[in-house]
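The primary structure of each chain is shown beneath.
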Amino acid sequence: MIDDIIDQIKKTEKKANEIIAASKKEYTGIIEEAYRNAEEIIKGADKEVKTMLAEADVKAKKEAALETVKMEKDFDRKIVEIKNISEANRENAIKTIIQRILD
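Right, let's walk through the structure included here. This structure is a prediction, so every number in the text was calculated from the model and none was measured. (Residues numbered from 1 in each chain as written. Predicted model: local features only at pLDDT ≥ 70, side-chain atom pairs only at ≥ 80, totals over all residues. Heavy atoms only, no water.)

Overview of the pattern of salt bridges
Right, on to step 1. Within this structure, the stated rule accounts for four salt bridges.
Right, on to step 2. When the shortest N-O distance is used, the salt bridge between R77 and D74 registers 3.8 Å. Of this pair, R77 and D74 both sit in helix α1 (residues 2-102), separated by three residues, roughly a single helical turn.
Right, on to step 3. On the accessibility criterion, R77 (41% relative accessible area) is partly exposed.
Right, on to step 4. Taken together, the shared-partner salt bridges connect D74, R77 and E81 into one network. (Salt bridge = Lys/Arg side-chain N within 4 Å of Asp/Glu carboxyl O. Helix = DSSP H or I, 4+ residues; strand = E, 2+ residues; numbered from the N terminus. Buried < 20%, exposed > 50% of the residue type's maximum accessible area, 1.4 Å probe, protein only.)

A look at a nonpolar patch on the surface
Right, on to step 1. Taken together, the side chains of M1, I5 and I9 present a nonpolar region at the surface, about 350 Å² in accessible area.
Right, on to step 2. Looking at the secondary structure, you find M1 in the segment before α1.
Right, on to step 3. A relative accessible area of 77% places M1 in the exposed class. (Patch = residues over 30% accessible without salt bridge, like charges linked within 9 Å, V, L, I, M, F, W, Y side chains within 5 Å. Areas by Shrake-Rupley, 256 points an atom, 1.4 Å probe, with all protein chains shown as cover.)

This is the structure:
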């Protein structure tokens, strides 16, 4: 009877050791899978960030080009306005000088 109990304890210990070994193996597998998943997530995030940066760069270049065209048009318009004002002032200055000479 005691021998049966000792045998039962030994079997239980053996079973417990097998369960512990299987648990350690499963734990290791879970950790490895988690690392693989994390690496895949990081790779995906890196790709997404690169894509977003490339899209932002293209958009910024387009916006800069449009703004450049707009600024050039505004500059050309202002030059024309300044020339018109200058010509009008020149004519007034000539009239004033002639008037002073005649007076």
